[in-house]
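Coordinate analysis (summary)
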Amino acid sequence: MNKGFQAGWWLTALTIALMYAISLPLLYINLEINEFALSLAGEMGLVIPILIGIFYARNNSNGICDTLGIKKFSPILLPLCVLMIIGAQSFIAYTTMPVQVLLVIMFGAETATTQMLIPNTVPSFMLAFFVLCIAAPVLEELLCRGVLIKLFSQYGFTVSVISSALAFSILHLEMRSFIQIFFIGLILATVRICSGSVVLTIIMHSVNNFLSLLQLVFLDSGAVGLIYPFLLFSALLFPVTIYITFVHLGKHLNFGMITSSVKAKTGISVAAILCFILFAGFNLMLFINRLINGYCFAELKGLLGI
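What comes next is a walk through the structure. (Residues numbered from 1 in each chain as written. Predicted model: local features only at pLDDT ≥ 70, side-chain atom pairs only at ≥ 80, totals over all residues. Heavy atoms only, no water.)

Considerations on the packing of aromatic side chains
- A complete count under the given rule lists eleven aromatic pairs for this structure.
- Geometrically, the ring pair formed by W9 and F276 is tilted, given 5.9 Å between the ring centres and 40° between the ring planes. Of this pair, W9 sits in helix α1 (residues 3-29) while F276 sits in helix α13 (residues 270-292), and the two are 267 residues apart along the sequence.
- When the centroid spacing of 4.9 Å and the interplanar angle of 35° are considered together, the rings of F91 and F238 count as tilted. Of this pair, F91 sits in helix α5 (residues 77-95) while F238 sits in helix α11 (residues 228-249), placing them 147 residues apart in sequence.
- Take F238: its relative accessible area is 5%, and that puts it in the buried class.
- Through successive ring pairs, a cluster of aromatic residues spans F5, W9, F152, Y155 and F276.
- Geometry around F168 places R145 over its ring, the cationic atom sitting 4.2 Å from the centre. (Phe/Tyr/Trp six-rings, centres within 6.5 Å; stacked < 30°, edge-to-face > 60°. Helix = DSSP H or I, 4+ residues; strand = E, 2+ residues; numbered from the N terminus. Buried < 20%, exposed > 50% of the residue type's maximum accessible area, 1.4 Å probe, protein only. Lys NZ or Arg CZ within 6 Å of the ring centre and 35° of its normal.)

Below, the structure written as structure tokens:
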């Protein structure tokens, strides 16, 4: 039976529909709406799938907390996981730089859903902080590393990690940042399963987004060069931090999920196919639009200094 796998991907498809059904009308009603407010409205679309997922997944669990993975974790894991996620963001950015250059040419430095305003006032920064560092981490983690991990867990560790990371990446509809989001999703899913706690991944997700917010602020202030040495240093240390972190995680392994039965077959999910088609279609239209308007060639000339 693959009901859990099917349900997980249908929840993902429903989430995409709700996020954009809420945010896109607001954009057309008021074109001057703050992008962080628009993003917050979209994040609110995750509440319904989370509630549906809790109702569906908790049938075979001990309650809501067990379904979502809201459990205590060892304090020693927190600083290690924070260092690891900081290094992960920098590591994947530097190691995929050639691919990123190609994606920037195809989709631009900013794509349709990442054109965030630079928070250059205290109120705008506070709104950005709330959206990126509180609302998004909590809601996205409860869905992707809470409900979806629970639904995918009966298919084994590998399927749980990869499927939840793919769903997490597709929800952002971002081809330009797909590799980074997927990589971060793999790490968060692994930590969630090994530690048994979604609270840990919420904090990690929040730190990851806060680092991105700081880079945005530094970029606006013209002092972005000050943060580059830190990012490079954290990237170089990433192999060490990930090793140390998982050595300590090994002492707190949630063997129940890691050794869960892999006899269940995932089968083919129509919802998963729909999600991939939507993701590919959205980015294909974005690329064609940029190509027709000459933005790709302009981006290429800018990168080459022509």
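Brief notes about the nonpolar core
- With 36 residues, the main nonpolar core has W9, I50, L148 and L151 as its most contacted residues.
- Sorting the residues of this core by element identifies α1, α3 (47-57), α7 (122-152), α8 (157-171), α9 (178-195), α10 (198-221) and α13 as the ones contributing at least two each.
- With residues near it in sequence (within four places) discarded, W9 still touches F152, S163, L166, A167, I170, S269, A271, A272, C275 and F276.
- Listed in part, the 19 residues of the second largest apolar core include C81, I85, M204 and L249. (Core = buried A, V, L, I, M, F, W, Y, C linked by side-chain atoms within 4.5 Å. Contact = heavy atoms within 4.5 Å.)

What about the packing of α5 against α11?
- Running from N to C, α5 and α11 point in directions that differ by 130°, and their axes come no closer than 6 Å. For the element pair α5 / α11, the angle class is oblique. Considering the relative orientation of α5 and α11, their crossing is left-handed. (Axes fitted to C-alpha atoms, helices over the stretch in contact; angles between N-to-C directions. Parallel < 35°, antiparallel > 145°, perpendicular 65-115°, else oblique. Left-handed = near helix turned anticlockwise from the far one by under 90°.)

Looking at the environment of V101
- Looking at where V101 falls in the secondary structure, it is placed in helix α6 (residues 97-107).
- Residues V101 and L300, 199 residues apart in the sequence, show an inter-C-alpha distance of 9.1 Å.

Side note on the packing of α5 against α9
- Between α5 and α9, whose axes approach to 9 Å, the crossing angle comes to 160°. Overall, the two elements α5 and α9 adopt an arrangement that is roughly antiparallel. Where α5 crosses over α9, the two elements pack in a sense that is right-handed. Contacts from C81, M84, I85, A88, Q89, F91 and I92 in α5 reach I179, Q180, F183, I184, I187, L188 and V191 in α9.

A closer look at α13
- With 23 residues, α13 ought to run about 33 Å at 1.5 Å a step, and its terminal C-alpha atoms sit 32 Å apart, in line with that.
- The set of residues buried in α13 consists of A271, A272, C275, F279, N283, L286 and R290.
- In the stretch just after α13, G294 is the one whose phi turns positive, near 80°. (Expected span 1.5 Å × (residues − 1).)

Scope: geometric values only; no functional claims are made or implied.
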